[in-house]
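# Coordinates in review
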Amino acid sequence: MKPSRIPLLTTIFVLLFFYVPLLLMVVQSFQCRVPGMDARQWTLKWYDQIFHDPRVLEVSLNTLVIGLSAAVLSTILGTLAALAIYRYRSRLQSFHAGLLYVPLVLPEILMGISLLVCFSALGIELGRGTVIAAHVAFCTSYVAIVIMTSLQGFDYTLVEAARDLGATSWQTNGRIVLPLLFPAIAAGALLAFTLSLDDFIVTFFVSGKGCTTLPVYIYSAIKHGRPERMCAISSALLGVTFILVTVSVLCMGNKVVEGKG
């Protein structure tokens, strides 16, 4: 009996569905119309324009600051949350762990609206601070889950041996736990930065005047600017995202290899 080809064909269809539009966007970012002709030619002028546009550079810098701030804060909170859930066993542990998955399954539009209502009720002015707080709110869960996954194969006997030799809790965490978890922490931080960099829906609701990120800028400019110019910005953002995700996967892969070794 021959094996079914349906799974293979389904996989190919899904991959084409996801990546062909991205490929077309990248190709279009390198093309422009020939004046007076219904034809296109290859060019780099769209990339030259965006890299010399003060507004694009300002928005990119703002996006970078928000992404780095959200990544640092969410990495600290996510690491502490993962260690607390892993170490302290209680009847409510499953409930606490389940709370981490809520931001992952909650629709982004609901999170954006709820955070907007919360900030408005507290009288907090929308701006860079509210965007960072909103990004930390959902990035922390991703970081905690990545680190909890790494903790499943953590050799806790090393910690017990260090304590038997007289090491304090600070020494144990600083010299044993954190170095061994560093690949997972780095992967979680890169993932948090990537999520913050690409987020649009939540940012759209909680950003104020003068606090525009690249995804929000692209959404606003696509209605008035040239499609090829927006494709160039999106392609550059796509390249940064792929690099960060690749580095994150490599960090987690190294951790898995070390665990098997």
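Located above this text is the structure these notes cover.
A brief structural summary. (Residues numbered from 1 in each chain as written. Predicted model: local features only at pLDDT ≥ 70, side-chain atom pairs only at ≥ 80, totals over all residues. Heavy atoms only, no water.)

## Re the overall build of the protein
Helices and strands together make up the secondary structure of the protein, namely eleven helices and two strands. Reading the helices (α) and strands (β) of the protein from amino to carboxyl end gives α-β-β-α-α-α-α-α-α-α-α-α-α. Over its C-alpha atoms, taken along the principal directions, the protein stretches across nearly 80 × 65 × 35 Å. Taking all 261 residues of the protein together, the buried fraction comes to 39%. A fraction of 73% describes how many contacts in the protein between residues 6 or more apart in sequence connect residues 24 or more apart. Total accessible area on the protein is roughly 15,900 Å²; 70% of this is exposed by carbon and sulfur atoms. Computed over 18 positive and 13 negative side-chain charges, the inter-centroid distance for the protein is 5 Å. (Helix = DSSP H or I, 4+ residues; strand = E, 2+ residues; numbered from the N terminus. Buried < 20%, exposed > 50% of the residue type's maximum accessible area, 1.4 Å probe, protein only. Contact = heavy atoms within 4.5 Å. Areas by Shrake-Rupley, 256 points an atom, 1.4 Å probe, with all protein chains shown as cover. Lys, Arg positive; Asp, Glu negative; His and termini not counted. Charge placed at Lys NZ, Arg CZ, Asp CG, Glu CD.)

## Description of helix H8 (residues 169-198)
Taking 1.5 Å as the rise per residue, H8 with 30 residues should run 44 Å; its terminal C-alpha atoms sit only 38 Å apart, a clear shortfall. When the local axis directions of H8 are compared, the greatest deviation, roughly 55°, occurs at Phe182, which is followed within four positions by the proline Pro183. (Expected span 1.5 Å × (residues − 1). Bend = angle between axes of the 7 residues up to and from the residue.)

## A few points about the pattern of salt bridges
Oppositely charged side chains are able to pair whenever their charged atoms sit close together. Counted according to the given criterion, the structure contains one salt bridge. When the shortest N-O distance is used, the salt bridge between Arg55 and Glu58 registers 3.6 Å. You can see Arg55 and its partner Glu58 sitting in helix H3 (residues 54-87), three residues apart, about one turn around the helix. (Salt bridge = Lys/Arg side-chain N within 4 Å of Asp/Glu carboxyl O.)

## Thoughts on the environment of Leu250
Locating Leu250 in the fold gives a position in helix H11 (residues 227-260). In sequence terms Leu250 and Pro183 are 67 residues apart; their C-alpha atoms lie 8.9 Å from each other.

## Some thoughts on the nonpolar core
Residues Leu115, Ile147, Leu151, Leu181, Val202, Val206 and Ile233 are the most contacted members of the largest nonpolar core, which totals 52 residues. Broken down by element, this core gets its largest block of residues, eleven residues, from helix H6 (residues 128-151). Excluding residues within four positions of it along the chain, Val202 makes contact with Glu108, Met111, Gly112, Leu115, Ala134 and Phe138. (Core = buried A, V, L, I, M, F, W, Y, C linked by side-chain atoms within 4.5 Å.)

## Let's talk about the packing of H3 against H8
One way to put it is that H3 packs onto H8 with a least axis distance of 8 Å and a crossing angle of 135°. On the basis of their axis angle, the class for H3 and H8 is oblique. Of the two possible hands of crossing, H3 and H8 adopt the one that is right-handed. Between H3 and H8, the contacting residues are Thr63, Leu64, Ile66, Gly67, Leu68, Ala70, Ala71, Ser74, Thr75, Thr79, Leu83 and Arg87 on the first element and Asn173, Val177, Leu181, Ile185, Ala189, Ala192, Phe193, Ser196 and Leu197 on the second. (Axes fitted to C-alpha atoms, helices over the stretch in contact; angles between N-to-C directions. Parallel < 35°, antiparallel > 145°, perpendicular 65-115°, else oblique. Left-handed = near helix turned anticlockwise from the far one by under 90°.)

## A short note on the packing of helix H4 (residues 93-105) against H6
Where H4 contacts H6, the axes come no closer than 8 Å and their chain directions differ by 125°. Compared by their axis directions, H4 and H6 come out oblique. In the crossing of H4 with H6, the sense of the turn from one axis to the other is left-handed. Contact residues: H4 offers Leu100, Tyr101, Pro103 and Leu104, while H6 offers Ala137, Phe138, Ser141, Tyr142, Ala144, Ile145 and Met148. For the contact of H4 with H6, the residue count by class is ten nonpolar, one polar and no charged. (Nonpolar A, V, L, I, M, F, W, Y, C, P; charged D, E, K, R; others polar.)

## Some words on a nonpolar patch on the surface
Nonpolar side chains collect at one region of the surface, where Leu92, Phe95, Leu99, Val102, Leu106, Ile109, Leu110, Ile113, Val117 and Ile201 lie side by side and expose about 850 Å² of accessible area between them. At the level of secondary structure, the elements contributing two or more residues to the nonpolar patch comprise H4 and helix H5 (108-121). With four residues, H5 is the single largest residue contributor to the nonpolar patch. Looking at where Val102 falls in the secondary structure, it is placed in helix H4. Using a relative accessible area of 40% as the deciding quantity, one classes Val102 as partly exposed. (Patch = residues over 30% accessible without salt bridge, like charges linked within 9 Å, V, L, I, M, F, W, Y side chains within 5 Å.)

## Some words on the side chain of Ser74
Along the polypeptide, Ser74 turns up in helix H3. Note on Ser74: relative accessible area 0%, which makes it buried. Of the polar contacts made by the side chain of Ser74, one reaches the backbone oxygen of Ala71; its length is 3.2 Å. Apart from the residues within four sequence positions on either side, Ser74 is in contact with Val136, Cys139, Thr140, Val143 and Ala192. (Polar contact = N/O pair within 3.5 Å; in protein donor to acceptor, adjacent residues only side chain to side chain.)

## Topic: the packing of aromatic side chains
One pass over the structure, following the stated rule, counts seven aromatic pairs. Pairwise contacts between aromatic rings join Phe200, Phe204, Phe205 and Tyr219 into one cluster. Between Lys45 and the ring centre of Trp46, over which it is positioned, the NZ or CZ distance is 4.6 Å. (Phe/Tyr/Trp six-rings, centres within 6.5 Å; stacked < 30°, edge-to-face > 60°. Lys NZ or Arg CZ within 6 Å of the ring centre and 35° of its normal.)

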